[in-house]
Amino acid sequence: FYHGKRGWLGDEVEKQVRLICLADEPDPGPKWYRRLAHTISMLTIFLALVVSWIMVVRKQSAGTYLEPIIKVEFSDDVNPDLGAFSGVYQINLERTRIFS
């Protein structure tokens, strides 16, 4: 093995010995700065997603996405009394918070 590693037994043997050495001692992995850059980028993406989610939840609870006018039509088939509530309803702008 020693002679093959030094190339004394030919190029093909040296090539196979180097492949065996790589299998015994694999690459240790990414350097510390690559790992740090990857961690920082993943944390940045995660924080951006959390901040965006919080913004959407706050807008939903404030009623930003609510329609100002709702048209409701109940069928008289199941309960005839529900037909009286059919019509167009406008949202009360004084209280638009959903979760409060």
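None of these values were measured; they are calculated from a predicted model. (Residues numbered from 1 in each chain as written. Predicted model: local features only at pLDDT ≥ 70, side-chain atom pairs only at ≥ 80, totals over all residues. Heavy atoms only, no water.)

## Notes on the side chain of Ser-61
Phase 1 of the analysis: By secondary structure assignment, the location of Ser-61 is in helix H3 (residues 32-62).
Phase 2 of the analysis: Using a relative accessible area of 9% as the deciding quantity, one classes Ser-61 as buried.
Phase 3 of the analysis: For Ser-61, the side chain forms a polar contact with the main-chain oxygen of Arg-58, separated by 2.9 Å. (Helix = DSSP H or I, 4+ residues; strand = E, 2+ residues; numbered from the N terminus. Buried < 20%, exposed > 50% of the residue type's maximum accessible area, 1.4 Å probe, protein only. Polar contact = N/O pair within 3.5 Å; in protein donor to acceptor, adjacent residues only side chain to side chain.)

## Regarding the pattern of salt bridges
Phase 1 of the analysis: Here the structure, examined in full by the defined rule, presents one salt bridge.
Phase 2 of the analysis: For the salt bridge of Arg-18 with Glu-14, the shortest nitrogen-to-oxygen distance reads 3.4 Å. Here Arg-18 pairs with Glu-14, and both are found in helix H2 (residues 11-24), just four residues apart, close to one helical turn.
Phase 3 of the analysis: A residue is classified by how much of its surface remains accessible, and Arg-18, at 44% relative accessible area, is partly exposed.
Phase 4 of the analysis: The class of Glu-14 is partly exposed, set by a relative accessible area of 22%. (Salt bridge = Lys/Arg side-chain N within 4 Å of Asp/Glu carboxyl O.)

Such coordinate-based values are descriptive only and should not be taken to indicate function.
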